[in-house]
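# A look at the structure
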Amino acid sequence: MATGKTTSQTPNSPFSVHGRGSMSAAELGTALAGLNRVATITVNASGGADDGSVYLTARGASLGFDFDRWPVAEAAAALARVARADTLAVRMTGPGPLSLQPLFTVRGLKLIRVEHDSHAKQELDWTGLSTQTGLRRLEVRAGVLPEGFWRELGTLKQLREVQLWWPEGARSNPGSLSGMTGLKKLAGVCLFDPIPAAFRALGRCPALEEVHVDQCNIDDTAAAGIGSVARLKNGHLWNAALSDAGMRRLCRWPRVRSLTLGENSDNQPPITAAGFKALGRLTTLERLHLQGFDHVAAAGWAVLRGLPRLKHLKLSTSPPFDVLDAVGPLRRVEELRLSHCNGVGPAGYRQLAAMPRLRSLSVRAHRSAPYYVPLDEVAGLRRLRSLALAGLHKATDAQVARLIALPDLEALILHEAEKVTDQGVARLAGLRSLRVVVLNALPKLTDGVIPTLTGFPRLDTLSLRCTGQVTDAGLSGLAGAGRLRTLHLDYARNLTGETLLRLARKLPLEELAVASSPHVTDDHLLELTGHPTLKRVRFFECKHVTEGGRRAAAEARPDWEPPAFNSFDLL
């Protein structure tokens, strides 16, 4: 397979092959038929009849060709001459008449991904999808999903994962998924509103273990269907508008290990303690995230103490009482996250002392409502390994300094602590076990914080975000943090490309992320492609880093991946 630049096109030949010139559809089809194996077929159709492009990749090489006034039937027929491929990816950016049907003659597909414009009304022909008996994963974003789509989909017994986003005009029936005996994961956004019937019979998918749906109006009937999934292990259900009876119909899974359940904020009547009690049936739960449930009485929250395997708990709720005090001590919990639980006060935080296995704590306050700063109580949790504090804009240097009492702390995240200065961070210099430090939106920090950071002997991950008073000269001092493997510098507006390259030369970096740095250019990005240890790189909203620069870097380092570390995952 060959690579090259796009050449000029001629009116008599609709295909321009990158690096070769123009050729007819028949010639292209003959050439494609000779390929032994293609990893990915990528089709970008823009406007349907005006322009578009196709890329074929295999073993690190690629072949590309462009369309100009292309005859759709001929183009699809040419692509269908590819004998075998692993992945088919189609992106529609206009209402063009592209047909998927010929593409389904390509054998061996394991992944099919079809993406439309947002809120597209386009209806594609899915005839032939059922012939892809080896298909393992299907992703469809936007567009209309007609009855034919569901009919074809329902016959794919080997399909393991289906992801659907924003289907605009889906038409299906209650038995649409009943033939998918191999389906293990169903995920998507806005599924239940347009196509409730298809998902009220999920219990007919005997292998289904994971259901992940966002922004869906999950009513009592839909909940009964989801609750009938006997093998469910991982459930993520957002925007539930359930009655107490609906909660009882939902919480029937005998094997569930992880559950995220968000109540619709406008749910009427709201879920009360009578329905919340159904959570107590889920005795296999190890991970639980609850949002809403503000109308559950204090006594109802004690049901969480009866979950014998619960290790990870996240609460996002604002009842008119101290919810953590109502829950009481959870002796098996290892990780606790409190997000916008502003009602938790001294009594609730004192419960943490009776949680002997607690190793990770995250507290995120909503700054528009009153909240308590719990650093006195947190300082007593000497077994903590990870601590995230966010939205505590009232916290002072003196309060933050109390964290020096946590000798085993390995990860510290301070987010939106507006009063904390260099001196506050310096008073934590004795935390010799710190490996991960995240300082986000601490506007009073200056270059004076850098010596403290480089003084942490085990520091391998550092994220600085929105610390506008730290200068380029200060950032250059990070070269002294000789163990750094991960470095994120977001909204570091004073950072120059020269300092970035100097840091890269001095540090054994494996992951680098830079955002909104106006002095970083394509040249700096391209020079980093020669770095011997970098594996994960992201340059975001740097105005002098162009798409051309990104493409050149991707060609030079096809092994680079996006960053794996995300500080917001710890909040």
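Here the structure is a predicted model, which means the values were calculated and not measured.

### Brief notes about the overall build of the chain
Scanning the chain from N- to C-terminus turns up 16 helices and 24 strands. Relative to its 571 residues, the chain shows a buried fraction of 53%. The long-range fraction of contacts in the chain, counting pairs at least 24 apart against all pairs at least 6 apart in sequence, stands at 64%. Within the structure as shown, the chain displays about 23,600 Å² of accessible surface, and the carbon and sulfur contribution to it stands at 49%.

### A word on unusual backbone geometry
The omega angle of the peptide bond from glutamine 268 to proline 269 is -10°, so this bond is cis rather than trans. Of note, proline 269 is situated in the loop between strand S13 (258-263) and helix H6 (273-276). Residues other than glycine seldom take positive phi values, yet alanine 441 does so here, at roughly 55°. Residue placement: alanine 441 occurs in the loop between strand S20 (436-440) and helix H12 (450-454). Accessibility expressed as a relative area gives 21% for alanine 441, which makes it partly exposed.

### Comments concerning helix H14 (residues 497-506)
Restricting attention to buried positions, one finds in H14 the residues Gly497, Thr499, Leu500, Leu501, Leu503 and Ala504. Residues of H14 that are buried sit in contact with helix H13 (472-476), strand S22 (486-490), strand S23 (511-515), helix H15 (522-528) and strand S24 (536-540).

### Digging into the packing of aromatic side chains
This structure, assessed with the given rule, holds six aromatic pairs. Judged by centre distance (5.1 Å) and plane angle (85°), the rings of phenylalanine 149 and tryptophan 150 are edge-to-face. Grouping residues by exposure puts phenylalanine 149 and tryptophan 150 together as buried. Judged by centre distance (4.7 Å) and plane angle (55°), the rings of phenylalanine 276 and tryptophan 301 are tilted. Taken together, the residues span a long stretch of sequence, with phenylalanine 276 in helix H6 and tryptophan 301 in the loop between strand S14 (287-291) and strand S15 (312-316) at a distance of 25 residues. Exposure remark for phenylalanine 276: the relative accessible area of 0% places this residue in the buried category.

### As for the pairing of strand S8 (residues 137-141)
Across five bridges, strand S7 (residues 111-115) lies against S8 in parallel orientation. Residue pairing in the sheet places valine 114 in a bridge with valine 140 of S8. Examined bridge by bridge, S8 and strand S9 (residues 161-165) share five bridges and lie parallel to one another. Within S9, the residue paired with leucine 138 across the bridge is valine 162. Since S8 and S9 lie parallel, the crossover through helix H3 (residues 147-153) that links them has a hand, and here it is right-handed.

### Concerning a positive patch on the surface
Residues Arg84, Arg107, Lys110 and Arg136 make up a contiguous surface patch of positive charge. Within the secondary structure layout, arginine 136 lies in the loop between S7 and S8. What makes arginine 136 partly exposed here is its relative accessible area of 33%.

### Some details on the pattern of salt bridges
Two side chains that carry opposite charge are able to pair once their charged atoms sit near each other. On inspection of all chains with the given rule, the structure shows 22 salt bridges. The salt bridge partner of arginine 113 is glutamate 139, with a shortest N-O separation of 2.9 Å. Separated by 26 residues along the polypeptide, arginine 113 in strand S7 and glutamate 139 in strand S8 bring together distant segments of the chain. Take arginine 113: its relative accessible area is 32%, and that puts it in the partly exposed class. Using a relative accessible area of 6% as the deciding quantity, one classes glutamate 139 as buried. Measuring nitrogen to oxygen at the nearest pair gives 2.6 Å for the salt bridge that ties arginine 536 to glutamate 511. With a gap of 25 residues between them, arginine 536 in strand S24 and glutamate 511 in strand S23 connect regions that are remote in the sequence. For the pair formed by arginine 536 and glutamate 511, the shared burial category is buried. Where salt bridges share partners, they join Arg113, Arg137, Glu139, Glu161, Lys185 and Glu210 into one cluster.

### So, the nonpolar core
Among the nonpolar cores identified, the biggest contains 155 residues, and Trp301, Leu304 and Phe539 are the most heavily contacted of them. With residues up to four places along the chain from it excluded, the contact list for phenylalanine 539 reads Leu500, Leu512, Val514, Val520, Leu525, Leu528, Val545 and Arg550. Listed in part, the seven residues of the second largest apolar core include Ala388, Ala390, Ile413 and Val438.

Quick notes on the rules
Residues numbered from 1 in each chain as written. Predicted model: local features only at pLDDT ≥ 70, side-chain atom pairs only at ≥ 80, totals over all residues. Heavy atoms only, no water. Helix = DSSP H or I, 4+ residues; strand = E, 2+ residues; numbered from the N terminus. Buried < 20%, exposed > 50% of the residue type's maximum accessible area, 1.4 Å probe, protein only. Contact = heavy atoms within 4.5 Å. Areas by Shrake-Rupley, 256 points an atom, 1.4 Å probe, with all protein chains shown as cover. Phe/Tyr/Trp six-rings, centres within 6.5 Å; stacked < 30°, edge-to-face > 60°. Pairing = 2+ DSSP bridges. Right-handed = clockwise from strand over helix to strand, strands pointing away. Patch = residues over 30% accessible without salt bridge, like charges linked within 9 Å, V, L, I, M, F, W, Y side chains within 5 Å. Salt bridge = Lys/Arg side-chain N within 4 Å of Asp/Glu carboxyl O. Lys, Arg positive; Asp, Glu negative; His and termini not counted. Charge placed at Lys NZ, Arg CZ, Asp CG, Glu CD. Core = buried A, V, L, I, M, F, W, Y, C linked by side-chain atoms within 4.5 Å.

Honestly, it's all geometry; don't read function into it.
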